[in-house]
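# Coordinate analysis (summary)
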Amino acid sequence: MEIKLASWNVNGIRAIAAKPDWQQWFAQDVYDVIGLQETKAELSQVPPAIAQKEGYHTYFASSVVKKGYSGTAVFSKQEPQSVEIELPDPEFQGEGRIIHLEFEHFHFFNGYFPNGGGEILDENGKPIKGQFKRVPYKMGFFDCFLNYAQSLRKSKPIVVCGDFNIAHKEIDLARPKTNTSNTGFLPIEREFLNKFTADGYIDTFRHVHGDVKDCYSWWSYKMRAREKNVGWRIDYFFVSEELKDHIKDATIEKNVFGSDHCPVTLTLEF
């Protein structure tokens with residue numbers, strides 16, 4: 001039995017809804033589970049054709065602390081055994097960043113993990129190099145997620161997808177040397193993914209394809225970055241190592257447009 005999963009940061013589900021690439025991609029019946037991030041909408045604001053995708057169970061997590069911000073959604077052909085919105089710690093609730101579904105073979109997380117936020121300024125109003133307002137919250141969120149995933153992992157393996165807002169290694173962004181002081185590639189952020197993988201979570205794209213270069217999932221809208229392939233790989237599928245032998249394929253759908261991110265996929269075989 002194959003299970004095909006997809007993940008896409010759509011950068012606004014209402015905005016992408018009218019775009020042909022999205023319509024063609026979402027109309028497919030290929031994926032068993034689809035995770036979306038940065039939906040920026042409540043379920044009542046989502047076009048019916050999306051909110052009620054035929055043949056799928058739909059789950060939305062919306063930001064309640066700030067409207068039109070963050071948010072995630074999951075579409076699943078199979079009804080899960082259980083559904084949980086947000087992480088269990090109240091400190092990291094309210095932004096609709098996590099949807100957790102339990103299936104027969106694994107726990108599935110769809111996550112829109114926090115960005116590091118705006119720069120911290122010195123007394124003269126100038127940015128302090130490498131200092132960002134939301135990095136402490138971001139790292140706390142990751143720690144909370146990992147602790148929770150590890151507790152659930154005692155019963156079933158873990159699959160987690162989404163926008164991690166971190167490029168792990170130099171190969172995962174086009175210009176590593178000029179971004180070492182930018183959030184998304186800070187040493188403290190990258191260290192989390194070092195810890196995550198050391199704890200037995202597999203980057204499925206690298207597992208399948210090795211150190212293939214120039215493979216990215218996000219490109220800035222500025223300076224024709226996507227056309228030039230000046231991007232970052234910050235969207236992932238990770239699985240706990242118990243699922244290693246079940247990984248069949250993992251892809252980056254770089255030719256699917258509609259957002260500043262493209263979809264990433266994973267195929268598991270049981």
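As the structure is a computational prediction, the values presented were derived from the model and not from experiment.

### Quick look at the UniProt feature "site: Interaction with DNA substrate" (unreviewed entry) in the protein chain
Per the UniProt annotation, the sites labelled "site: Interaction with DNA substrate" (unreviewed entry) are His-261. Looking at where His-261 falls in the secondary structure, it is placed in the loop between strand S15 (247-252) and strand S16 (264-269). Look past the residues within four positions of His-261 in its chain and what remains in contact with it is Trp-8, Asn-9, Asp-163, Ser-217, Trp-218, Trp-219, Arg-226, Ile-234 and Asp-235.

### Comments concerning the nonpolar core
In terms of nonpolar packing, the biggest core is built from 29 residues, with Leu-5, Phe-106, Phe-108, Val-159, Phe-237 and Leu-266 touching the most fellow members. Every element with two or more residues in this core is listed here: strand S1 (2-9), strand S3 (57-61), strand S6 (98-102), strand S10 (158-163), strand S14 (235-240), S15 and S16. Leu-266 has contacts with Ile-3, Lys-4, Leu-5, Val-159, Thr-204, Phe-237, Val-239, Ile-247, Asp-249 and Ala-250, leaving out every residue within four places of it along the chain. In this structure, Phe-132, Leu-152, Phe-164 and Phe-196 belong to the second largest nonpolar core, which totals 28 residues.

### A word on the UniProt feature "site: Important for catalytic activity" (unreviewed entry) in the protein chain
In the numbering used here, UniProt assigns the "site: Important for catalytic activity" (unreviewed entry) feature to Asp-235. By the secondary structure assignment, Asp-235 is in strand S14. Overall, Asp-235 belongs to the buried group, its relative accessible area being 3%. Not counting residues up to four positions away in its chain, the partners in contact with Asp-235 are Asn-9, Gln-37, Gly-162, Asp-163, Ser-217, Trp-218, His-261 and Val-264. Side chain to side chain, Asp-235 and Ser-217 meet in a polar contact 2.5 Å long.

### Considerations on helix H5 (residues 187-198)
Taking 1.5 Å per residue, 12 residues should reach 16 Å; H5 reaches 16 Å between its end C-alpha atoms and fits that length. Looking at H5, one finds that the buried residues are Glu-189, Phe-192, Leu-193 and Phe-196. The arc enclosing the buried residues of H5, seen along the axis, measures out at 90°, which places them on a common side. Across from the buried face of H5, at angles greater than 90 degrees, the exposed residues are Pro-187 and Ala-198. Gly-200 sits one or two residues past H5 and shows a positive phi near 100°.

### Some words on the sheet that holds S1
With respect to topology, six strands assemble into an open sheet ordered S3-S4-S2-S1-S16-S15, the strand pairing being mixed. The outermost strands of the open sheet, each flanked by one partner alone, are S3 and S15. When strand polarity is set aside, the average angle formed by the axes of neighbouring strands in this sheet is 10°. Of the pairings in the sheet, the one linking S1 to S16 comprises six bridges and is antiparallel in character. The partner of Ile-3 across the bridge, within S16, is Leu-268.

### Considering the sheet that holds S10
The strand order across the open sheet formed by six strands is S5-S6-S7-S10-S14-S11, and the pairing between neighbours is mixed. If you trace the sheet from one side to the other, it starts and ends with strand S5 (82-85) and strand S11 (201-203), each paired once. This sheet shows a mean twist of 20° between the axes of neighbouring strands, independent of strand direction. Note: S10 against S14, five bridges, orientation antiparallel. Paired with Val-160 across the bridge in S14 is Phe-238. Contacting S10, S11 and S14, H5 runs over the sheet at an angle of about 30° to S14.

### Focus on the confidence of the model for the protein chain
Scored by pLDDT, the protein chain comes out at a mean of 96, with 100% of its residues at no less than 70. Ranking the elements of the protein chain by mean pLDDT puts strand S8 (residues 119-121) last, at 76, and S14 first, at 99.

### Looking at the pattern of salt bridges
Considering all chains together, one arrives at 15 salt bridges under this definition. Between Arg-153 and Glu-241 there is a salt bridge, with its nearest N and O atoms 3.9 Å apart. Pair noted here: Arg-153 is in helix H4 (residues 135-153) and Glu-241 is in the loop between S14 and S15, with a separation of 88 residues, a long-range link. With a relative accessible area of 48%, Glu-241 lands in the partly exposed category. Between Arg-224 and Glu-227 there is a salt bridge, with its nearest N and O atoms 2.9 Å apart. When its relative accessible area of 52% is taken as the criterion, Arg-224 is described as exposed. According to the relative accessible area criterion, Glu-227 is exposed, its value standing at 61%. Residues joined in a network through salt bridges with shared partners are Asp-172, Asp-203, Arg-206 and Arg-233.

About the cut-offs
- Residues numbered from 1 in each chain as written.
- Predicted model: local features only at pLDDT ≥ 70, side-chain atom pairs only at ≥ 80, totals over all residues.
- Heavy atoms only, no water.
- UniProt positions renumbered as here; feature names shortened; annotations may be inferred.
- Helix = DSSP H or I, 4+ residues; strand = E, 2+ residues; numbered from the N terminus.
- Contact = heavy atoms within 4.5 Å.
- Core = buried A, V, L, I, M, F, W, Y, C linked by side-chain atoms within 4.5 Å.
- Buried < 20%, exposed > 50% of the residue type's maximum accessible area, 1.4 Å probe, protein only.
- Polar contact = N/O pair within 3.5 Å; in protein donor to acceptor, adjacent residues only side chain to side chain.
- Expected span 1.5 Å × (residues − 1).
- Arc of directions from axis to C-beta.
- Pairing = 2+ DSSP bridges.
- Axes fitted to C-alpha atoms, helices over the stretch in contact; angles between N-to-C directions.
- pLDDT = per-residue confidence, 0-100.
- Salt bridge = Lys/Arg side-chain N within 4 Å of Asp/Glu carboxyl O.

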